[in-house]
Each structure stands twice: as C-alpha cells, then as structure tokens.
Amino acid sequence: IRPKPMLEIGGRPILWHIMKLYAAHGLTESILCLGYKGEVIKDYFLNYKAYNSDLTVHLGAPGSIQYHNRNGEEGWRVTLVETGQQAQTGTRVARATRYLQGETFCLTYGDGLGNIDIQQLLRFHRAHGKLGTVTGVRPPGRFGELRLKSDGVVCEFNEKLQTSEGLINGGFFIFQREFVDRYLSAEQDECVLEREPLQRLARDRELVVYEHQGFWQPMDTYREYQLLNDLWNGGNAPWRMWS
C-alpha cells in the first residue's frame, strides 16, 4: 500500500522522524532516493503544508487556501529523486549525487531511528580524514531473556532490550563525494552499497566506525513498529531530540 518510510510512528511517517533528527542538528537539506511507490512520498511533500496545518478552503475560489498555523519545517529543502524501481542501494545513492552540493554528505536508511548526535558524528568524520564513516551499534535484542535456577525453574524474566554482541551497521553514514566517484556505479541496478563498495572501502582502510552507545532501533518487523509507537506515545522516544 505504501513504502516502509511512510509507515507512521505517532501519526507521522518514520521518514519525518529521521529528517527531524537531522534538522535538530542543523541539517535541513535532504535528498530522498525514491523507488517503490515513490509517488506516495512525493504526494506527502507536495501537500506537506496542507497535511500538517489547519486551513480554510474557499470553495468558490479554486486555489484559494488560508493556512492558520505554522509548522517547524518551513526551512526544509527536500529533493525527491526517481532512482529506479529495481535499483539497489549503491545505485540509488550514485544516481542521486547529481543533486549533492559540497564534498561531505550524510546518508542513512528510511527505517531506523536513534539518538545519534549528528554534529558529533560529523566532527568525528572530519577528524579522521578518511572517505567514510559508519555508525556501529549494538543489535537490539529480539527475544525475552530467561534466567533459571539449577532445577530449571525460571527465577527472572527480562525483556531483552539490547544484546552484548559485536557492533553492526546502524546506518547513519558520512561520506566524501570521492567515495561515490570511486566506489559506486549509477549504470547498473545491481550495485549494493553494503557489499562490494563498502567491502572495498574497508579493504582500502578508508572506512572508520563511529561507535554509538545510545538508543538505536530498526523497524524491520511489526513488533518493532509497535515498540517505536509505544515509545513515542508514552513520551519516551529517545530519538526526539527536538522541542
């Protein structure tokens, strides 16, 4: 029915939450790589003011609309790029870079949230001088943890919020434009960012991990969708870093 980035957390698309996180750290220009049902995302932003404001429509005067309130996103600049229905992640990025300005850019997925300090991440990236930075996170636990007595009786049951396993790719990348020119291809749909491009970048010792110890949560399952909504609706959303 709609692309995953448009699934709602607290009545707003998860894409909106991600963009609000970046905007809270001063980054208000976004390039969205559209594919499956990209028209749903286009419709949302083309009608953003109407969807998020009180308004009066004068039915006898087509086009005459009076908006009664402001939202906090008037300064956002959003570029929506048709990157192909079948294109993989690396191809999408390569095809969207014609709209990039400057040599450094942030990149993330449309289905994960965290309380990432984007400005600190940028400072870390600039300090090491490599082509890429990936945010490493601890994988959240998906199952309840049981603690047993010697006779097998459960003495404690905990909802396992996070595992102690190694770091995984949490998205929230930062790259230099040179990475796109050297490692990605816009010509073929099959270029997967997380395979050969990032593997080559790592072999070339041009990829550095930024270890994030705070909250991070993907939205890969219905259970995780419910968890994010429960956190937001309960006033306990760690990624809400804006007033």
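The text that follows walks through the structure, step by step, so that each part is easy to find. (Residues numbered from 1 in each chain as written. Predicted model: local features only at pLDDT ≥ 70, side-chain atom pairs only at ≥ 80, totals over all residues. Heavy atoms only, no water.)

1. A look at the overall build of the protein
- Secondary structure assignment for the protein yields eight helices and 15 strands.
- A total of 243 residues make up the protein; the buried ones form 39% of that total.
- Once local pairs closer than 6 in sequence are excluded, the contacts in the protein between residues at least 24 apart make up 70%. (Helix = DSSP H or I, 4+ residues; strand = E, 2+ residues; numbered from the N terminus. Buried < 20%, exposed > 50% of the residue type's maximum accessible area, 1.4 Å probe, protein only. Contact = heavy atoms within 4.5 Å.)

2. Looking at the pattern of salt bridges
- Tallied over the full model, the rule gives eight salt bridges.
- A salt bridge links Asp 220 to Lys 4; the nearest nitrogen and oxygen atoms lie 3.7 Å apart. Highlighted residues: Asp 220 in the loop between β15 (216-218) and α8 (222-233) and Lys 4 in the segment before β1 (8-9), separated in sequence by 216 residues.
- The class for Asp 220 is partly exposed, based on a relative accessible area of 44%.
- For Glu 29, the salt bridge is made with Arg 77, and the minimal N-O distance between the two is 3.9 Å. Linking Glu 29 in strand β3 (residues 29-34) with Arg 77 in strand β6 (residues 77-82), this pair joins segments that are 48 residues apart in sequence.
- Because the salt bridges share partners, they merge into one network encompassing Lys 4, Asp 111 and Asp 220. (Salt bridge = Lys/Arg side-chain N within 4 Å of Asp/Glu carboxyl O.)

3. What to know about the pairing of strand β7 (residues 104-107)
- On β7, burial follows the alternation: Phe 105 and Leu 107 on one face are buried, whereas Thr 104 and Cys 106 on the facing-out side are not.
- When β7 meets strand β13 (residues 173-176), the two strands line up antiparallel, connected through four bridges. When the sheet's bridge partners are listed, Leu 107 is paired in β13 with Phe 173. (Pairing = 2+ DSSP bridges.)

4. A look at the packing of aromatic side chains
- Going through the model one piece at a time under the given rule, you end up with 16 aromatic pairs.
- Summarising the aromatic geometry, the rings of Tyr 22 and Phe 172 are spaced 6.0 Å apart at their centres and angled 25° between planes, so their arrangement reads as stacked. Of the two residues, Tyr 22 is situated in helix α1 (residues 14-24) and Phe 172 in the loop between β12 (168-169) and β13; the sequence distance between them amounts to 150 residues. Note on accessibility: Tyr 22 and Phe 172 belong to one class, buried.
- Ring geometry for Phe 124 versus Tyr 210: centroids 5.3 Å apart, planes at 65°, classification edge-to-face. Separated by 86 residues along the polypeptide, Phe 124 in helix α5 (residues 118-128) and Tyr 210 in strand β14 (residues 207-211) bring together distant segments of the chain.
- The partly exposed category is assigned to Phe 124, whose relative accessible area is 29%.
- Here the aromatic residues Phe 105, Tyr 109, Phe 173, Phe 175, Phe 179 and Tyr 183 are joined through ring pairs into a cluster of three or more.
- Arg 12 extends its terminal NZ or CZ atom over the ring of Trp 16, reaching a point 4.4 Å from the ring centre. (Phe/Tyr/Trp six-rings, centres within 6.5 Å; stacked < 30°, edge-to-face > 60°. Lys NZ or Arg CZ within 6 Å of the ring centre and 35° of its normal.)

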